[in-house]
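Each chain is listed here by its residues.
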Amino acid sequence: QVQLVESGGGLVQPGGSLRLSCAASGRLFRINVMGWYRQAPGQQRELVGTVTRGGISNYADSVEGRFTISRDNAKNTVYLQMNSLKPEDTAVYYCNAPDILANGMNYWGKGTLVTVSS
């Protein structure tokens, strides 16, 4: 129904920056809010932040002030700008979009690995 493809992961030193992208395709009328989650080794998947179609965003306390989520509706793409990266930000980052017409259904990308290490 909706396909999400992340890109932009990689290795970055502590204090560095990285920008992730999530391109959406398919039946885009089925989604409004898009978000980023992450899962560190041995940890549960956690919410990083979300952004509405209108550009209203919110963030987890752990990334507030360091990460910024933005959205280009013309390109059907959501971005996650990550600054002041810390080793504890190391995780696989996933793009997510709930289906607004099918309660409880979520679309997920396959994830992109971000490693913060010197």
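Here the structure is a predicted model, which is why all the values come from computation and not from measurement.

A. Structural context of the side chain of Thr50. Assignment of secondary structure puts Thr50 in strand E5 (residues 46–51). On the accessibility criterion, Thr50 (15% relative accessible area) is buried. There is a polar contact of 3.0 Å between the side chain of Thr50 and the side chain of Asn58. If we ignore the near neighbours within four places in the chain, the residues touching Thr50 are Val33, Met34, Gly35, Ile56, Ser57, Asn58 and Ile69.

B. Structural view of the state of the cysteines. Within the structure shown, the criterion is met by one disulfide. The partner cysteine of Cys22 in its disulfide is Cys95, sulfur to sulfur 2.0 Å. Judged by the sign of its S-S torsion, about -85°, the bond between Cys22 and Cys95 is left-handed. With a gap of 73 residues between them, Cys22 in strand E3 (residues 18–26) and Cys95 in strand E9 (residues 91–98) connect regions that are remote in the sequence. Residue class for Cys22 comes out buried when judged on its relative accessible area of 0%.

C. How the structure looks around the sheet that holds strand E1 (residues 2–7). In spatial order, the strands read E1-E3-E8-E7; together these four strands make up an open sheet with antiparallel pairing. Of all strands in the sheet, those bounded by a partner on one side alone are E1 and strand E7 (67–72). Between one strand axis and the next, the sheet turns by 15° as a mean value, whatever way the strands run. Bridge count for E3 against strand E8 (residues 77–82) is six bridges, and the pairing is antiparallel. Residue pairing across strands places Ala23 opposite Thr77, the latter belonging to E8.

D. Focus on the nonpolar core. In this structure, Leu4, Met34, Trp36, Leu80, Met82 and Tyr93 are the most contacted members of the largest nonpolar core, which totals 29 residues. Taken together, the elements giving at least two residues each to this core come down to E1, E3, strand E4 (34–39), E5, E7, E8, E9 and strand E11 (112–116). Once residues lying within four places of it in the same chain are set aside, the contact partners of Met34 are Leu4, Cys22, Ala24, Gly49, Thr50, Val51, Arg71, Val78, Cys95, Asn96 and Ala97.

E. Seen up close, unusual backbone geometry. Backbone geometry at Asn76 places phi at a positive 55°, although glycine is not the residue there. If you trace the backbone, Asn76 turns up in the loop between E7 and E8. In this structure Asn76 comes out as partly exposed when scored by relative accessible area, which is 30%. For Ser84, which is not glycine, the phi torsion reads 50° and is therefore positive. Among the secondary structure elements, Ser84 is positioned in the loop between E8 and E9.

Thresholds applied
- Along each chain, residues carry numbers from 1 onward, in the same order as the chain's sequence is written.
- Only residues with pLDDT of at least 70 get local features here, since the model is predicted, and only at 80 or more are side-chain atom pairs given and counted; chain-wide, interface and lining totals rely on the full set of residues.
- Computation of side-chain values covers all heavy atoms of the structure but excludes hydrogens and water.
- Numbering goes from the N terminus for both helices and strands, where a helix is a DSSP run of H or I of at least four residues and a strand is a run of E of at least two.
- Think of it in three bands: with a 1.4 Å probe and only protein chains considered, a residue is buried below 20% of the maximum accessible area for its type, exposed above 50%, and partly exposed in between.
- Pairs of N or O atoms are called polar contacts if they sit within 3.5 Å, as long as, within protein, a hydrogen donor faces a hydrogen acceptor (for residues adjacent in sequence, only side-chain-to-side-chain pairs).
- Contact between two residues is taken to exist if any of their heavy atoms lie within 4.5 Å; hydrogens are not considered.
- Disulfide assignment relies on a single distance test, namely cysteine sulfur atoms paired within 2.5 Å.
- Here, any two strands with at least 2 DSSP bridges between them count as paired.
- With axes taken as lines fitted to C-alpha atoms, and helix axes fitted only over the stretch in contact, angles between N-to-C directions fall between 0 and 180 degrees.
- By convention a nonpolar core is built from buried Ala, Val, Leu, Ile, Met, Phe, Trp, Tyr and Cys residues, the set being connected through side-chain atoms within 4.5 Å.

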